[in-house]
Amino acid sequence: MTILKGIYEVGKEVLKKPSTLEYPEHKENLADNYRGIHKLDMKTCISCGACARICPNQTIDMVDTETDKGTKKMPQVNLDRCLFCALCEEVCPTQCLILTKDYEYEAYDRRDYVRRPEDLK
Ligand code: SF4
Ligand code: SF4
């Protein structure tokens, strides 16, 4: 009886849908309001620095960036420090800085977490 119960229990588990996914081939559907890596539209950034000032974790530095209209200060984001709170997105007056659903930013070197404005695509 105990053996039959054991076989039954194992069979039940084998037939169950797996609770894990074959990442990265398959990925979870993310919530609509998921907050991932930043995206910056350099054309509409007005270099006001509001995103850097509001950031609670000093994640954003305004750095010199070459544009069609000369050098401008634009946000550089250190993903290693980011809390993904989205305050920078909320405060941006031109909505040029948004948090995307992209969450893949693995690196071997912590310096690779620092994304220059040109890299925030
Ligand atoms: S999401 Fe929050 S912690 Fe990350 S850069 Fe924006 S304000 Fe800073
Ligand atoms: S708040 Fe928006 S417009 Fe202002 S510097 Fe940051 S990204 Fe640019």
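Residues numbered from 1 in each chain as written. Chains lettered and ligands numbered in written order. Predicted model: local features only at pLDDT ≥ 70, side-chain atom pairs only at ≥ 80, totals over all residues. Heavy atoms only, no water.

### Description of the site of ligand 2
- Cys45, Cys48, Gly49, Cys51 and Cys92 are the nearest of the 15 residues found near ligand 2.
- Partitioning the shell around ligand 2 into residue classes produces 12 nonpolar, 3 polar and no charged. (Near = heavy atom within 4 Å. Nonpolar A, V, L, I, M, F, W, Y, C, P; charged D, E, K, R; others polar.)

### Topic: the pairing of strand β3 (residues 70-78)
- Pairing of strand β2 (residues 60-67) with β3 involves 8 bridges; the strand directions are antiparallel. Bridge pairing in β3 links Thr67 to Gly70.
- A loop of 2 residues connects β2 with β3, the two strands running antiparallel in sequence.
- Judged from the 2 bridges that link them, β3 and strand β5 (residues 114-115) form a sheet pairing that is antiparallel. Within β5, the position partnered with Asn78 by the bridge is Val114. (Pairing = 2+ DSSP bridges. Helix = DSSP H or I, 4+ residues; strand = E, 2+ residues; numbered from the N terminus.)

### Re the site of ligand 1
- The local shell around ligand 1 consists of His38, Cys55, Pro56, Thr59, Ile60, Cys82, Leu83, Phe84, Cys85, Ala86, Leu87 and Cys88.
- For the shell around ligand 1, the residue count by class is 10 nonpolar, 2 polar and no charged.

### A word on the packing of aromatic side chains
- For the structure shown, the criterion picks out 3 aromatic pairs.
- Aromatic pair Tyr34 and Tyr103: ring centres 6.1 Å apart, planes at 75 degrees, arrangement edge-to-face. Here Tyr34 is found in the loop between α1 (2-15) and β1 (38-40), whereas its partner Tyr103 is found in the loop between β4 (97-99) and β5, with 69 residues between them in sequence.
- Exposure remark for Tyr34: the relative accessible area of 31% places this residue in the partly exposed category. (Phe/Tyr/Trp six-rings, centres within 6.5 Å; stacked < 30°, edge-to-face > 60°. Buried < 20%, exposed > 50% of the residue type's maximum accessible area, 1.4 Å probe, protein only.)

### Examining the sheet that holds β3
- Read from one edge to the other, the open sheet built from 3 strands follows the order β2-β3-β5, with strand pairing classed as antiparallel. Strand pairing shows two members of the sheet lacking a second neighbour, β2 and β5, which therefore form its edges.

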